[in-house]
Amino acid sequence: MHPFHTIIEPFRIKSVETWKFTTRDERVAALARARHNVFQLAAEDVLIDLLTDSGTGAMSSAQWGALINSDESYAGSRSFYRFEAVVRDLTGFTHIIPTHQGRAAERILFHTILHPGQIVPNNNHFDTTRANIEVEDAEARDLVIAEGRQPSVIHPFKGNIDLAALEALLDRDGDRVPLVMVTVTNNSGGGQPVSLANLRGVRALCDRYKKPFFLDACRFAENAWFIKQREEGQADRTPKAIAREVFGLADGCTMSAKKDGLANIGGFLAMNSDEWAEQCRNLLILTEGFPTYGGLAGYDLEAIARGLEEVVEEPYLRYRIRSTAYLAEKIAAADVPIIQPPGGHAVYIDARSMLPHIPPLQYPGIALLNALYVEAGVRGVEIGTVMFGRQPDGSERPAEMDLVRLAIPRRVYTQSHIDYVAEAVIYVAKMREQLRGYRITSAPKVLRHFTAAFDPL
Ligand code: F0G
């Protein structure tokens, strides 16, 4: 090893995209046109877009090369077999069912297996997972450990599921639980990892109560890196070996390849059960496409196959997790409250404690988000009362936390971009007393955060 400590981007840039700079006045006008919901902005009006790390990554030259070499046959394309081989090598699952993205895998799985009144436990359900369960009149139950609900509490694996709570649920209501899920990393809880020990514990409980165990595997590689860094006895293993063990503990997974697939679109559903797989494939044909393409082009399958190989490489993961921590350290040093320790794909600002003068039902997350956009052209996303506050009966109550997530697209932004973001966050934090809350003027019943309209108070 060389004597230098700087962790550099493990790539050089071959193609660039220049962006449009906007003025503050232009951003004020753009936000008003978007009815104060940053989801409704034209992306061109955004400078640094940290809305999501999903589908926003940069593909490698090897991925672009694979695109050209794809096979676009309707049935049995060579690109499908390559995709299937890579996914099977990584996960070990018998049935690999491509889908156009993660939520399609969720929808197909849950519509196939769920009955009204059933309960699906998870550490924290992501919003699409929750919605796809609730639409079947089943319950999505979050059982993350207590530390995972306290932003400032340091714990190496804040994504762990509470095994005692899971056991109690299986003991009391086991006949209503069709499967157990765990999300790696735990996005809704701050991109926090789940330990191998915890996953082994879930496996043991699932064996005891004869329940299938599924992973929401979107960020499996980042989770593997955290296990390597933080869990005893794991430091000398490769991320791929750790990831394989994690998949090996489960009976299946849903996956959005837009995250750790390093692709711009795609996903899959994988499982060992022949019976469920047959039913899922039947629904797949109805809504996604033939089982060897599942709503994807052959070139998408190629991009994912190559992406899944690149994402477990150590230099990539070291840089990836370090760049997120770098942003977190800079803003935390300026006393901006964030979820500690920082997650893998994003930094989560605790808007509720940053803006104590804005009550949760006036959406402190939206206040912070909109200020970041107006002042600096940076776009994040609220993970809080707007996203989770609406109850199935139509009432509203504060979500567990009001967070603003700054998600880092993979391989897209350089260190100076991140320095700019840190400066912007610190600038807005200094003017926090001037920020005001919002009220919702219109919103749909499901997944309201995407299209809700707001008025500043
Ligand atoms: N599960 C988790 C943990 C996710 O983070 C996402 C997407 C999905 C499932 C659904 O996958 O978008 O391909 O349908 N998360 C994105 C985000 C949208 O911004 O965190 P999808």
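Before reading on, note that the structure itself is shown above.
Quick caveat: nothing in here was measured; it's all calculated off a predicted structure.

### Quick word on a nonpolar patch on the surface
Inference 1: Residues Tyr74, Ile285 and Phe290 make up a contiguous nonpolar surface patch of about 310 Å² in total accessible area.
Inference 2: The topology assignment puts Ile285 in helix H10 (residues 274-287).
Inference 3: Of the residues examined, Ile285 reaches a relative accessible area of 47% and is grouped as partly exposed.

### Some details on helix H6 (residues 163-173)
Inference 1: Where H6 is concerned, the buried positions are Leu166, Leu169, Leu170 and Asp173. Seen from one end, H6 has its buried residues packed into an arc of 105°, which puts them on one side. Among the exposed residues of H6, those oriented more than 90 degrees off its buried face are Ala164, Asp171 and Arg172.
Inference 2: Tucked into the core, H6 has its buried residues touching strand E3 (119-122), strand E4 (139-142), strand E5 (180-183) and helix H7 (196-209).
Inference 3: The backbone nitrogen of Ala164 has a side-chain oxygen 3.1 Å away, supplied by the residue at the start of H6, namely Asp162.

### Digging into the site of the ligand
Inference 1: Around the ligand sit 17 residues, and of these Thr52, Asp216, Ser256, Lys259 and Arg405 come closest.
Inference 2: Contacts to the ligand include Thr52, whose side-chain N or O atom sits 2.6 Å from an oxygen atom.
Inference 3: The separation between a nitrogen atom of the ligand and a polar side-chain atom of Asp216 is 2.7 Å.
Inference 4: Burial of the ligand by the protein amounts to 94% of the accessible area it has alone, namely 470 Å².
Inference 5: For the shell around the ligand, the element with the most residues is helix H4 (residues 102-113), which contributes three residues.
Inference 6: Residues of the shell around the ligand, tallied by class, amount to two nonpolar, eight polar and seven charged.

### Observations regarding the sheet that holds E5
Inference 1: Strand order across the open sheet formed by five strands is E2-E8-E7-E6-E5, with mixed pairing between neighbours. One side of each edge strand has no neighbouring strand; the edge strands of this open sheet are strand E2 (95-99) and E5. Direction aside, the axes of adjacent strands within the sheet are offset by 15° on average.
Inference 2: The pairing of strand E7 (residues 252-256) with strand E8 (residues 267-271) spans five bridges and is antiparallel. In the sheet register, Cys253 faces E8, and the bridge partner there is Ala270.
Inference 3: Sheet contacts for H7: E5 and strand E6 (213-216); angle to E6, the most-contacted strand, approximately 150°.

Rules used throughout
Residues numbered from 1 in each chain as written. Predicted model: local features only at pLDDT ≥ 70, side-chain atom pairs only at ≥ 80, totals over all residues. Heavy atoms only, no water. Patch = residues over 30% accessible without salt bridge, like charges linked within 9 Å, V, L, I, M, F, W, Y side chains within 5 Å. Areas by Shrake-Rupley, 256 points an atom, 1.4 Å probe, with all protein chains shown as cover. Salt bridge = Lys/Arg side-chain N within 4 Å of Asp/Glu carboxyl O. Helix = DSSP H or I, 4+ residues; strand = E, 2+ residues; numbered from the N terminus. Buried < 20%, exposed > 50% of the residue type's maximum accessible area, 1.4 Å probe, protein only. Arc of directions from axis to C-beta. Contact = heavy atoms within 4.5 Å. Polar contact = N/O pair within 3.5 Å; in protein donor to acceptor, adjacent residues only side chain to side chain. Near = heavy atom within 4 Å. Nonpolar A, V, L, I, M, F, W, Y, C, P; charged D, E, K, R; others polar. Pairing = 2+ DSSP bridges. Axes fitted to C-alpha atoms, helices over the stretch in contact; angles between N-to-C directions.

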